[in-house]
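# Notes for the structure review
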Amino acid sequence: MTDVTAFSTPRLTGRRALVTGSTSGIGRSIALALAGEGAAVVVSGRNTDAGTAVVEEVRSAGGAAHFVHADLSGGGPATIELAKAACEAVGGPIDLLVNNAAVLVPAQSLTEADERIIDAALSVNVKAPALLVAAFVPAMVEAGGGVIVNIGSISGAVGSPVSALYGATKAALHSLTASWAAELASKGIRVNAVAPGPTMTDENAAFHDMLRSLTVSTPEGRPGTSAEVADAVVFLASEQATHIHGVTLPVDGGYLAAR
Ligand SMILES: NC(=O)c1ccc[n+]([C@@H]2O[C@H](COP(=O)([O-])OP(=O)(O)OC[C@H]3O[C@@H](n4cnc5c(N)ncnc54)[C@H](OP(=O)(O)O)[C@@H]3O)[C@@H](O)[C@H]2O)c1
């Protein structure tokens, strides 16, 4: 019989997590959820005031969090600096990495995607996750394990007339998820992704009606919430997912299933 006390046991006690782009939105919810499960969390992004507020929210609830400023459009040096500072902030190697930060490219036709937007989207959405994984994996291997969760999108799985570039970066992240899982599973490192559908956050409140209309014909008929995405990340990060490698888990109310 299942012991009901097990349900209240924090699932990530002792883990050291970095959540990129956790100053707002889905990343903020992920940081709060991981901390709520006992992980020491590094909150990161460009907005120091917002990041500090997330850290205070975690601490006031009894959790452990630290803010590390980072601009992931800066390429190698900025990303390596974040990796180093994150380990210092939590007093040891990061063993749980959530690649969440993204440039949400505005709706545009292919002729509007100038080189600056292409470079920014590729830098933050693809290059930074790849550099962070390369930075953290050696210590994970040495420690005998670790977990990486990438935040993809249903946009990485469907064609769109207005978000080719954004969708391509998310498709790249889904592909990296499968390949990294294949390369790292034998070393005790699990790599998975979550692909949210249209998701309501505090920051996109002005678009909630638009998100509702976008999802009215999906199986569940509503947008998701950032907390629902965070719950999926917690599950994939936890010991309840020890045999799961390389999946991209849609959290989309059935959007992809019904295409
Ligand atoms: N909301 C949705 O409907 C939805 C659907 C599918 C997938 N997603 C995915 O979910 C993730 C979070 O999206 P969201 O809706 O929560 O968006 P958001 O509120 O705009 O959050 C994006 C985060 O990324 C950070 N970020 C952006 N550019 C950065 C840079 N150059 N350097 C460092 N950090 C940077 C931002 O922090 P700073 O501003 O502090 O830098 C922010 O914390 C993204 O990967 C997105 O693609 C969202």
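Quick notes on the rules
- Residues numbered from 1 in each chain as written.
- Predicted model: local features only at pLDDT ≥ 70, side-chain atom pairs only at ≥ 80, totals over all residues.
- Heavy atoms only, no water.
- 1 Å grid on protein atoms, 1.4 Å probe; cavity = no way out; pocket = protein on both sides within 12 Å on 5 of 7 lines; lining within 4 Å.
- Points joined across faces, edges and corners; volume = space filled by probe spheres on them.
- Helix = DSSP H or I, 4+ residues; strand = E, 2+ residues; numbered from the N terminus.
- Expected span 1.5 Å × (residues − 1).
- Buried < 20%, exposed > 50% of the residue type's maximum accessible area, 1.4 Å probe, protein only.
- Arc of directions from axis to C-beta.
- Contact = heavy atoms within 4.5 Å.
- Polar contact = N/O pair within 3.5 Å; in protein donor to acceptor, adjacent residues only side chain to side chain.
- Near = heavy atom within 4 Å.
- Areas by Shrake-Rupley, 256 points an atom, 1.4 Å probe, with all protein chains shown as cover.
- Sits in = over half its atoms within 2 Å of the grid points.
- Pairing = 2+ DSSP bridges.
- Right-handed = clockwise from strand over helix to strand, strands pointing away.
- Axes fitted to C-alpha atoms, helices over the stretch in contact; angles between N-to-C directions.
- Nonpolar A, V, L, I, M, F, W, Y, C, P; charged D, E, K, R; others polar.

## Some thoughts on empty space enclosed by the protein
A water-sized probe rolled over the atoms picks out the places where empty space is left. Within this structure, the stated rule accounts for 1 cavity of 30 Å³ or more. Counted as a void, the largest cavity has a volume near 30 Å³. What lines the largest cavity is simply Thr 20, Leu 72, Asn 99, Asn 100, Ala 101, Val 124, Ala 128, Pro 129 and Leu 132. Counting residues per element, the lining of the largest cavity draws most heavily on helix α4 (residues 115-143), which supplies 4 residues.

## Things to note about helix α2 (residues 48-60)
Along an α-helix, a turn takes 3.6 residues, which lines up residues three or four apart on a common side. In a regular helix each residue adds 1.5 Å, so 13 residues correspond to 18 Å; α2 covers 18 Å between its end C-alpha atoms and thus fits that length. Listed as buried for α2 are Gly 51, Val 54, Val 55 and Val 58. The buried residues of α2 all sit within an arc of 100° when viewed along its axis, so they share a single face. Turned more than 90 degrees off the buried face of α2, the exposed positions are Asp 49 and Ser 60. Check the buried side of α2 and you find it contacts α1 (25-36), β2 (40-45) and β3 (64-69). Two or three places before Asp 49, at the opening of α2, Asn 47 has a side-chain oxygen 3.2 Å from that residue's backbone nitrogen. Downstream of α2 by a residue or two, Gly 62 has a phi angle that is positive, lying close to 95°.

## As for the site of the ligand
Neighbouring the ligand are 28 residues, the closest being Thr 23, Ile 26, Arg 46, Asn 100 and Tyr 166. Within the side chain of Asp 71, one N or O atom sits 2.9 Å away from a nitrogen atom of the ligand. Compared with its free state, where it exposes 880 Å², the ligand has 88% of that area covered by protein. For the ligand, the cavity whose grid points lie within 2 Å of the majority of its atoms is the largest pocket. At the level of secondary structure, the elements contributing two or more residues to the shell around the ligand comprise α1 and α5 (164-184).

## Describing the pairing of strand β6 (residues 189-196)
Among the 8 residues that make up β6, 8 are buried, leaving the element largely enclosed by the rest of the structure. Of the two faces of β6, the one lined by Ile 189, Val 191, Ala 193 and Ala 195 and the one lined by Arg 190, Asn 192, Val 194 and Pro 196 are each fully buried. Here 6 bridges tie strand β5 (residues 146-151) to β6, and the two strands are oriented parallel to one another. If you follow Val 149 over to β6, its bridge partner there is Asn 192. After leaving β5, the chain enters α5 and then returns to the sheet as β6, a path that is right-handed. Bridge analysis of β6 against strand β9 (residues 248-251) gives 4 bridges, and the strand direction is parallel.

## Describing the side chain of Ser 44
Relative to the helices and strands, Ser 44 is located in strand β2. Among the residues examined, Ser 44 registers a relative accessible area of 2% and is labelled buried.

## A few points about the sheet that holds strand β4 (residues 96-99)
Strand pairing in a sheet relies on backbone hydrogen bonds, with the paired strands running either antiparallel or parallel. Read from one edge to the other, the open sheet built from 7 strands follows the order β3-β2-β1-β4-β5-β6-β9, with strand pairing classed as parallel. The open sheet has two free edges, formed respectively by β3 and β9, since each of these has just one partner strand. For this sheet the average axis-to-axis angle between neighbouring strands, irrespective of direction, equals 20°. Sheet topology note: the β2/β3 ladder contains 6 bridges and is parallel.

## Concerning the environment of Ile 154
Turning to its location among the elements, Ile 154 is positioned in the loop between β5 and α5. Relative accessible area serves as the criterion here: at 6%, Ile 154 is assigned to the buried category. Considered as a pair, Ile 154 and Arg 259 are 105 residues apart in the sequence and their alpha carbons are 11 Å apart.

## What to know about the layout of surface pockets
If you add up the space inside the largest pocket, you get close to 1600 Å³. Around the largest pocket sit 49 residues that line it, and Val 103, Leu 104, Val 105, Tyr 166 and Asn 204 are the ones nearest its centre. Elements with a minimum of two residues in the lining of the largest pocket: α1, β2, α5 and α6 (208-215). The class makeup of the residues in the lining of the largest pocket is 24 nonpolar, 21 polar and 4 charged.

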